[in-house]
Amino acid sequence: MNNAINGSGADTSSACPFPSLSSFQQFLRASSVLLVFTISLIGNIFILYVVKRNTKLHTVTHFLIVNLAGADLLITFVNMTVLFKTEVVGNDEAFGGIGGDVYCVGLIVVLNVSVSCSIFNLTVIAVERFCSIMFPFKRVFTLKLAKAIMVGIWVASFSITIPFFFHIKVKDYYGDGVFYCVEDWSPLDTVTASQVFQIVFFSLLYACPLLFILVLYLSIGVHLWKRQAQREISSLGYSPGRKRMTMQVTKMLVASVVAFALCWLPQHVTLFINYFMLDRCPPEFLWFGGTLLAYTNSAMNPIIYVAFHSEYRKQCKLILTRCHHLCTRLSKNPTGNSLNLDSERSRKTKNDKGLNVVTVLSFKQKREEVAAPETGCNITLDPEAQLGNDNFVSLSEICDRYTGSDELRKKTYSSHLDAGEGRDLSSF
């Protein structure tokens with residue numbers, strides 16, 4: 001039995017048992033799944049973060065991209081985790097009882113909801129791009145409409161998976177006490193029903209949407225080429241900057257569609273072999289490779305966005321730069337303090353009484369605060385500095401050197417009050 005969840009929800013435990021693998025093969029397969037999981041998790045969370053923080057990306061297209069990232073994260077958290085477990089333990093066994101039914105149905109439903117959501121999002125994005133470019137003066141899609149469409153996509157995706165609740169079951173298939181997720185269309189003929197369902201699923205959620213998307217993007221390409229050839233772009237509402245951004249976004253979305261088509265094609269080939277060539281099993285490299293490649297599509301989308309879109313690329317460079325600076329700072333000072341506290345504590349003042357210098361910077365260490373009533377500022381001393389009240393004059397001079405005199409602080413405070421700012425005197 002191979003626990004690679006297929007696109008139609010079938011799991012043919014009787015025909016294709018799980019292969020016998022060496023420890024090294026298991027390690028390689030589990031490592032590859034873990035790598036894809038990590039890239040997909042970080043990449044799609046990055047997309048959500050960038051769109052949330054960057055107001056330039058608060059558009060219909062990027063909201064739909066966020067919806068697509070949500071579907072990819074669903075595959076990442078649920079299906080990739082189960083595939084990783086399968087490769088680590090070396091089998092795809094389930095467990096009996098109600099919990100087993102929930103496990104089998106839930107696993108297959110989540111995958112198919114995510115796949116349906118992905119292709120629906122790509123289709124709606126293509127329609128939105130077509131309307132925006134072909135009718136630049138008409139605002140067909142609004143943010144409110146986009147949010148309603150996003151909800152509708154999830155509802156439609158879930159509705160498509162309703163048959164799985166009835167024909168996916170957990171059974172002790174071989175009578176040896178080991179349970180598997182199996183496909184059972186009774187009272188219908190399971191073989192015929194599975195074949196019909198696979199054809200319908202492939203047509204509605206792969207071939208037809210991709211053909212429709214292809215027609216839309218070909219129309220967009222021809223339209224832009226004609227406008228560029230006629231040099232009518234500026235007169236029709238397209239500035240050079242807008243034209244460049246339009247081409248950038250369109251190329252990004254076309255690449256995303258191509259990636260989806262290529263990544264999920266081997267999985268569908270595997271399913272057709274499994275359902276229509278009953279005397280043989282699909283090659284193992286196609287079972288595992290097709291499943292992993294399909295899941296890899298969830299990790300590829302963020303990479304495509306960064307490669308083709310300048311805003312995602314800028315944010316990616318910014319985050320990498322910050323991480324580099326943070327790692328450099330931590331490597332130079334593993335304790336996390338940018339200053340040497342012991343050296344600060346050992347510094348001395350220049351007056352002849354040998355007073356300990358006042359530490360003006362505030363560190364996350366226990367210190368004693370001594371208030372200087374004549375200056376109105378707080379002086380932070382080391383615990384070892386045993387200073388009496390007769391030293392307040394020296395402390396006031398040091399405090400004034402850093403924070404200004406009490407008279408200057410009061411004047412500054414009065415000016416802020418005149419400007420309508422109700423700030424506390426102690427904040428100066």
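Computed from a predicted structure; not experimentally measured.

**Brief notes about the UniProt feature "transmembrane region" (unreviewed entry) in the chain**
Right, so step 1: The UniProt entry lists residues 27–51, 63–84, 104–127, 148–168, 196–218, 252–273 and 285–308 under the feature "transmembrane region" (unreviewed entry), expressed in the numbering used here.
Right, so step 2: Taken end to end, residues 63–84 has its terminal C-alpha atoms 30 Å apart, with 100% of it in helix and 0% in strand.

**Quick notes on the packing of aromatic side chains**
Right, so step 1: Across all of its chains, the model carries 12 aromatic pairs by this definition.
Right, so step 2: Relative to phenylalanine 197, the ring of phenylalanine 164 has its centre 5.5 Å away and its plane inclined at 75°; by these criteria the two rings are edge-to-face. Note that phenylalanine 164 is positioned in helix H5 (residues 164–167) and phenylalanine 197 in helix H6 (residues 190–230), a separation of 33 residues in sequence. Per residue, the accessibility class of phenylalanine 164 equals that of phenylalanine 197, and both read buried.
Right, so step 3: Three or more aromatic residues link up through ring pairs in this structure, and these residues are Phe202, Tyr206, Phe260, Trp264, Phe272 and Phe276.
Right, so step 4: Sitting over the face of the ring of phenylalanine 288, arginine 29 holds its NZ or CZ atom 4.1 Å from the ring centroid.

**Some words on the pattern of salt bridges**
Right, so step 1: Enumeration over the complete set of coordinates arrives at seven salt bridges.
Right, so step 2: Of the charged contacts in the structure, one is a salt bridge between lysine 56 and glutamate 311, with a shortest N-O distance of 3.7 Å. Within this pair, whereas lysine 56 is found in the loop between helix H1 (23–53) and helix H2 (60–89), its partner glutamate 311 is found in helix H9 (residues 310–332), the two being separated by 255 residues in sequence.
Right, so step 3: For glutamate 311, a relative accessible area of 10% translates into the label buried.
Right, so step 4: A salt bridge links lysine 169 to aspartate 184; the nearest nitrogen and oxygen atoms lie 3.7 Å apart. Of this pair, lysine 169 sits in strand S1 (residues 168–171) while aspartate 184 sits in the loop between strand S2 (180–183) and H6, placing them 15 residues apart in sequence.
Right, so step 5: Its relative accessible area of 27% is what places lysine 169 among the partly exposed residues.
Right, so step 6: Via salt bridges that share partners, Arg29, Glu87 and Glu284 belong to a single interconnected network.

Criteria and cut-off values
Residues numbered from 1 in each chain as written. Predicted model: local features only at pLDDT ≥ 70, side-chain atom pairs only at ≥ 80, totals over all residues. Heavy atoms only, no water. UniProt positions renumbered as here; feature names shortened; annotations may be inferred. Helix = DSSP H or I, 4+ residues; strand = E, 2+ residues; numbered from the N terminus. Phe/Tyr/Trp six-rings, centres within 6.5 Å; stacked < 30°, edge-to-face > 60°. Buried < 20%, exposed > 50% of the residue type's maximum accessible area, 1.4 Å probe, protein only. Lys NZ or Arg CZ within 6 Å of the ring centre and 35° of its normal. Salt bridge = Lys/Arg side-chain N within 4 Å of Asp/Glu carboxyl O.

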